[in-house]
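Observations on the three-dimensional arrangement
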Amino acid sequence: ISPELWLWTMLGAVGVGLGEEMITRGSMVVALRTQFSEGKVWLYSTLLFSALHIPNVFFGVPFVSMLVQLVLTFIMGSALYVMRRISGTLLLPIILHGLWDTSLFLNQASGSEKSALDLLIYPIAIICLIPVIKRNWNANIN
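A few points on the structure.

Analysis parameters
Residues numbered from 1 in each chain as written. Predicted model: local features only at pLDDT ≥ 70, side-chain atom pairs only at ≥ 80, totals over all residues. Heavy atoms only, no water. Helix = DSSP H or I, 4+ residues; strand = E, 2+ residues; numbered from the N terminus. Expected span 1.5 Å × (residues − 1). Buried < 20%, exposed > 50% of the residue type's maximum accessible area, 1.4 Å probe, protein only. Patch = residues over 30% accessible without salt bridge, like charges linked within 9 Å, V, L, I, M, F, W, Y side chains within 5 Å. Areas by Shrake-Rupley, 256 points an atom, 1.4 Å probe, with all protein chains shown as cover. Salt bridge = Lys/Arg side-chain N within 4 Å of Asp/Glu carboxyl O. Bend = angle between axes of the 7 residues up to and from the residue. Axes fitted to C-alpha atoms, helices over the stretch in contact; angles between N-to-C directions. Parallel < 35°, antiparallel > 145°, perpendicular 65-115°, else oblique. Left-handed = near helix turned anticlockwise from the far one by under 90°. Contact = heavy atoms within 4.5 Å. Nonpolar A, V, L, I, M, F, W, Y, C, P; charged D, E, K, R; others polar. Phe/Tyr/Trp six-rings, centres within 6.5 Å; stacked < 30°, edge-to-face > 60°. Lys NZ or Arg CZ within 6 Å of the ring centre and 35° of its normal.

Concerning helix α3 (residues 63–87)
Compared with an ideal rise of 1.5 Å per residue, which puts 25 residues at 36 Å, α3 spans 35 Å between its outermost C-alpha atoms and is within 8% of the ideal. For α3, every residue scored as buried is listed here: Met66, Leu70, Thr73, Ile75, Met76, Gly77, Ser78, Ala79, Leu80, Tyr81, Val82 and Arg84. Looking at the residues trailing α3, positive phi occurs at Gly88, about 75 degrees.

This is how it looks when you write it as structure tokens:
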């Protein structure tokens, strides 16, 4: 992997991570908290995060792959939500989002095979999410 590929991948991942986190776990979470319980805030903001990836089908991602991506982004979006909830700031989700995207983009750009370890992030995300959502489903945070 060339230094230029590293640089552009990192810049792209940080930019996308920053933008998507500002929209879904920044502005949207704050706005939704004025109307809904924390559990519904998680659900609605994470569904939107996942839905932001639907247009990828227009940029060359096969339809079935896009559907799989929606499920995986919902799971990862849930983990990023938990990080936002635990840290109380967007900084941690932005950094984690950037690292997650970098690992995905570098695999694709370099033609590398995905590691089985790449898939472990999703069950870990679910395990971390369950107690946070269960505890906060009916809590209103203003």
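Looking at a nonpolar patch on the surface
Judged by side-chain polarity, Phe63, Val64, Leu67 and Val68 come together as a nonpolar surface patch covering roughly 380 Å² of accessible area. Checked against the element boundaries, Leu67 lands in helix α3. The partly exposed category is assigned to Leu67, whose relative accessible area is 39%.

Things to note about helix α1 (residues 3–32)
Here α1 contains 30 residues, and its C-alpha end-to-end distance of 41 Å stays within 8% of the 44 Å for a straight helix at 1.5 Å per residue. In the structure, α1 departs most strongly from a straight axis at Met22, where the bend amounts to approximately 35 degrees. Three or more residues of α1 are buried, namely Thr9, Ala13, Gly17, Glu20, Glu21, Thr24, Arg25, Gly26, Val29 and Leu32.

Looking at the pattern of salt bridges
Taken as a whole and assessed by the stated rule, the structure comprises three salt bridges. Between Arg25 and Glu21 there is a salt bridge, and its shortest N-O distance comes to 2.6 Å. Residue Arg25 and its partner Glu21 are both found in helix α1; the two are separated by four residues, about one turn of the helix. For the pair Arg25 and Glu21, one class covers both residues: buried.

Some points on the packing of α1 against helix α2 (residues 38–51)
Look at α1 against α2: their axes get within 10 Å of each other, and the N-to-C directions meet at 150 degrees. By the angle between their axes, α1 is roughly antiparallel relative to α2. Here α1 and α2 pass one another in a crossing that is right-handed. Within the contact between the two elements, α1 uses Glu20, Glu21, Ile23, Thr24, Arg25, Met28, Val29 and Leu32 and α2 uses Val41, Tyr44, Ser45, Leu48 and Phe49. For the contact of α1 with α2, a count of residues per class yields eight nonpolar, two polar and three charged.

Here's the deal with the packing of aromatic side chains
Aromatic ring pairs are reported here in terms of the distance separating the ring centres and the angle at which the planes meet. Under the defined criterion, the tally for this structure stands at two aromatic pairs. Between Arg25 and the ring centre of Phe49, over which it is positioned, the NZ or CZ distance is 4.4 Å.

As far as function goes, none of this settles anything; it's purely spatial.
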